[in-house]
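Working through the structure, step by step
What follows is the residue order along each chain.
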Amino acid sequence: MTPKDVIAMTKENGVKVVDLRYMDFIGTWQHFSVPVGEFGESAFEDGFGFDGSSMRAWQNIDNSDMIVIPEAGTAKIDPFFKVPTLAIIGNIHDPITMEAYSRDPRGIAKKVEQYIKSTGLGDTIYVGPEPEFFIFSNIRYSSEPNASFFEIDSPEAHWNTGSDEMPNLGHKIRPKQGYFPLPPADKYQDMRTEMMLTLEDLGIAMECQHHEVGAAGQSEIDLRFDSLLNMGDSLAWFKYVLKNVAAKHDHTVTFMPKPLYGDNGTGMHTHMSFWKDGVPLFAGNKYAGMSDMALYSIGGIMKHCKALCAITNPTTNSYKRLVPGFEAPINLAYSSRNRSAAIRLPMYSGSPKAKRIEFRTPDPSCNGYMAFAAIAMAMIDGIQNKIDPGDPMDKNIYDLPPEELAEMESAPGSLEEALNALKEDHDFLLKGDVFTKDVIEYWIDYKMENEVKPVISRPHPHEFYLYYDI
């Protein structure tokens, strides 16, 4: 759409308010609203001002003014606001120089799309994520100097078999057996369908929805593949829609990777491929029908995986999922069909258009724009340097003897380890000025000071169980 089309859209839909949205550095959608009378065609050049110092890891207070410039093609009618509201995504710029802001995640996604074109390797990066999440009926938590706890509930959960629900009708799901029970065990079929159809009504193509392995409301809704920048936008809408549909039903959605002990965590398997002039570049006559380019891109991900995890798995909680025993994709190997490897080559279709790689390590706590961009940069580096991924692993990695498993590289065991890896290995992200030194340094510093150190320094409730009487 053009700016003129967007203005016409506001009139056709009786819009009274325009909601400006942008992604903060850490990965949370932010917004503010203006009356429709303040939203003319000039807004697409002049933008709207806001205080950048109030955003996490952005500007200092003595240099705080920033502007968000709306992008016409992102305009949609919000499905939840009471007053007819047009929601539009913007890009962050300096109000004096009008330069794009280096720490704008959407700007990073735009730059990686420009960079792959400049290399001649391709003109389109397709991304298809499979975000998992939990639906809970209640969540309570607290972290105080003298007390800490969390308490979660779900009507599906096995711990409620003995609850006095007046009446308790049973049909609870045993741990790790949530894939794919029908109702009445699956309590959230209709809610997931509403989430999926709401996204489709917004023009976001969907593939399927289903219950996941986790017993207490774990679910998955898959987005149909799209270009990298568009998918970054769609993932932002995805999280927003799911949280608001759940809230409408007095439930809550979380993308926290490991909210429950002893059951499967939440991942976001991410399918990616490169195309040029409408031709898929990952189909060929090599292993699993893949091209040399595809195998080199796998080599790039495997080489840089530890550093990538600082962006694709960016929370301390992410590494409570990345542990052995829960189908966790921690082993840096690749294979067709084999879900125990970090990189899978899906074999559902022999069509060249379906040839892609599935990176299984990321989780949905990530900032989609930055995560997709970082993975793409690792793939490009692999192609440019012809990084050999080695032989595929066509057997269950979880059944390997300890001595063989010890020889295999694995994902980091903590966010601190991942951040240290990123500190040592980030030159591949700096190519084409896609990521900048400023972005890498602020990301590492913010995560260390605001997440890693506070978590490390706090007593854990289980430590009292283990050590109080020592």
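Please refer to the structure higher up on the page.
Summarised in this report is the structure supplied together with it. (Residues numbered from 1 in each chain as written. Predicted model: local features only at pLDDT ≥ 70, side-chain atom pairs only at ≥ 80, totals over all residues. Heavy atoms only, no water.)

Quick notes on the overall build of the chain
The cut-off we apply is this: Going along the chain from the N terminus, every DSSP run of H or I of four or more residues is numbered as a helix, and every run of E of two or more is numbered as a strand. Using a 1.4 Å probe, the Shrake-Rupley method yields the accessible areas, and only the shown protein chains count as cover for residues. Just so you know, the count uses Lys and Arg for positive and Asp and Glu for negative, and it drops His and the chain ends. Positions of charges follow a simple convention, taking NZ of Lys, CZ of Arg, CG of Asp or CD of Glu.
When you go through the chain residue by residue, the secondary structure sums to 13 helices and 18 strands. C-alpha extents for the chain along the principal axes are approximately 65 × 60 × 45 Å. In the structure as shown, the chain presents an accessible area of about 21,500 Å², 51% of it carried by carbon and sulfur atoms. Looking at the chain, you have 44 positive and 66 negative side-chain charges, and the mean spots of the two groups are 3 Å apart.

Overview of the layout of surface pockets
As a reminder of what qualifies: Points on a 1 Å grid over protein atoms alone make up a cavity when a 1.4 Å probe fits among them but cannot get out, and a pocket when they form an open set with protein on both sides within 12 Å along at least five of seven lines; lining residues each have an atom within 4 Å of a point. Grid points are joined across faces, edges and corners, and a volume is the space filled by probe spheres set on the points.
Of the volumes computed, that of the second largest pocket is approximately 810 Å³. Together, 40 residues line the second largest pocket, and Glu-130, Glu-220, His-271, Arg-344 and Glu-358 are the ones closest to its centre. Those elements that provide at least two residues to the lining of the second largest pocket are β7 (124-136), β10 (206-211), β11 (218-223) and β14 (268-276).

Considering helix α4 (residues 189-201)
The line we're drawing: Here a helix's expected span is defined as the number of its residues, less one, multiplied by 1.5 Å. Think of it in three bands: residues with accessible area under 20% of the maximum for their type are buried, residues over 50% are exposed, and the middle band is partly exposed, with areas taken using a 1.4 Å probe on protein chains only. Throughout, the arc means the angular range of directions from the helix axis out to the C-beta atoms. Residues count as neighbours in contact if any of their non-hydrogen atoms are within 4.5 Å of one another.
End to end, α4 covers 18 Å across 13 residues, agreeing with the expected 18 Å (1.5 Å per residue, within 8%). The complete set of buried residues in α4 reads Met-191, Arg-192, Met-195, Met-196, Thr-198 and Leu-199. Projected onto a plane normal to the axis of α4, the buried residues spread over an arc of 160° and lie on a single side. Across from the buried face of α4, at angles greater than 90 degrees, the exposed residues are Asp-190 and Asp-201. For α4, the secondary structure elements touched by its buried residues are β7, β10, β11, α5 (228-248) and β13 (252-254).

A closer look at a nonpolar patch on the surface
Definition in use: To count toward a patch, a residue needs a relative accessible area over 30% and no salt bridge; like charges are then connected within 9 Å, while nonpolar side chains (Val, Leu, Ile, Met, Phe, Trp, Tyr) are connected within 5 Å. The rule for a salt bridge is simple: a side-chain nitrogen of Lys or Arg has to be within 4 Å of a carboxyl oxygen of Asp or Glu.
Together, Tyr-465, Leu-466, Tyr-467 and Ile-470 make up a nonpolar patch on the protein surface, roughly 550 Å² of accessible area in all. Under the relative-accessibility criterion, Ile-470 is labelled exposed at 86%.

Digging into the pattern of salt bridges
Under the definition given, this model contains 19 salt bridges. A salt bridge links Asp-78 to Arg-21, with the nearest nitrogen and oxygen atoms 2.6 Å apart. Of this pair, Asp-78 sits in the loop between β5 (76-77) and β6 (85-93) while Arg-21 is found in strand β1 (residues 17-23), placing the two residues 57 residues apart along the sequence. There is no split in this pair, since Asp-78 and Arg-21 are both buried. Lys-286 is paired through a salt bridge with Asp-292; the nearest N and O atoms lie 4.0 Å apart. By relative accessible area, Lys-286 is classed as partly exposed at 39%. Overlapping salt bridges bring together Glu-71, Arg-106, Lys-110 and Asp-233 as one network.

What to know about the packing of helix α3 (residues 105-119) against α5
Stated precisely, the cut-off is as follows: Under this scheme, a helix contributes an axis fitted over its contacting stretch, all axes are lines through C-alpha atoms, and angles between N-to-C directions fall in the 0 to 180 degree range. Note that the term roughly parallel is reserved for angles under 35 degrees, roughly antiparallel for angles over 145, roughly perpendicular for angles of 65 to 115, and oblique for everything else. Residue type decides the class: Asp, Glu, Lys and Arg count as charged, Ala, Val, Leu, Ile, Met, Phe, Trp, Tyr, Cys and Pro as nonpolar, and the leftover types, Gly among them, as polar.
Two elements in contact, α3 and α5, have axes separated by 8 Å at closest approach and are oriented at 155°. When the interaxial angle is binned, α3 and α5 end up roughly antiparallel. Contacts between α3 and α5 pair Arg-106, Ala-109, Lys-110, Val-112 and Glu-113 from the former with Leu-228, Leu-229 and Asp-233 from the latter. For the contact of α3 with α5, a count of residues per class yields four nonpolar, no polar and four charged.

Considerations on the pairing of β10
Sheet faces and side chains relate simply in a regular strand, where the side chains alternate between the two faces. The test is simple: Strand pairing is assigned whenever DSSP detects at least two bridges linking the two strands.
With five bridges connecting them, β10 and β11 associate as antiparallel partners. By the bridge assignment for β11, Gln-209 is matched with Ile-221. The antiparallel pairing of β10 with β11 creates a hairpin that spans six residues between the two strands, and Gly-217 there sits at a positive phi of about 85°.

Some points on the packing of α5 against helix α8 (residues 368-384)
Each pair of packed helices gets described by two things: the angle between the helix axes and the distance between those axes. The criterion, for reference: Left-handed describes a crossing whose near helix is turned anticlockwise from the far helix through less than a right angle; right-handed describes the clockwise counterpart.
Running from N to C, α5 and α8 point in directions that differ by 150°, and their axes come no closer than 8 Å. Classified by the interaxial angle, the pair formed by α5 and α8 is roughly antiparallel. Of the two possible hands of crossing, α5 and α8 adopt the one that is right-handed. Across from Leu-228, Leu-229, Met-231, Gly-232, Asp-233 and Leu-235 in α5, the residues of α8 making contact are Gly-368, Tyr-369, Phe-372, Ala-373 and Ala-376. Its residues assigned to classes, the contact of α5 with α8 shows eight nonpolar, two polar and one charged.

Side note on the packing of aromatic side chains
The line we're drawing: The pairing test for Phe, Tyr and Trp rings, Trp by its six-membered ring, is centres within 6.5 Å, and the orientation test on the planes gives stacked under 30 degrees, edge-to-face over 60, and tilted for anything in between. Our definition puts a charge over a ring when NZ of Lys or CZ of Arg is within 6 Å of the ring centre and also within 35 degrees of the ring normal.
For the structure shown, the criterion picks out 22 aromatic pairs. For the ring pair Trp-29 and Trp-237, a centre distance of 5.2 Å and an interplane angle of 75° mean the geometry is edge-to-face. Of the two residues, Trp-29 sits in strand β2 (residues 29-35) while Trp-237 sits in helix α5, which places them 208 residues apart along the sequence. Judged by relative accessible area, Trp-237 falls into the buried class, the value being 1%. Pairing Phe-133 with Phe-255 gives two aromatic rings, centres 5.9 Å apart and planes at 55°, and the pair type is tilted. Here Phe-133, found in strand β7, pairs with Phe-255, found in the loop between β13 and β14; they are 122 residues apart in sequence, far enough to count as distant. Taken individually, Phe-133 and Phe-255 each receive the classification buried, so the pair is uniform in this respect. Site record: aromatic cluster; members linked through ring pairs are Tyr-22, Phe-32, Phe-50, Trp-58 and Tyr-101. Of note, Arg-21 hangs over the ring of Tyr-240, and the distance from its end group to the ring centre comes to 4.5 Å. Cation over ring: Arg-103 sits above Tyr-442, and NZ or CZ is 3.5 Å from the ring centre.

Let's talk about the environment of Arg-224
You can see Arg-224 is positioned in the loop between β11 and β12 (226-227). Since its relative accessible area comes to 43%, Arg-224 is described here as partly exposed. As for Arg-224 and Arg-106, which are separated by 118 residues in sequence, their C-alpha atoms are 20 Å apart. Apart from the residues within four sequence positions on either side, Arg-224 is in contact with Ala-205, Met-206, Glu-207 and Met-231.

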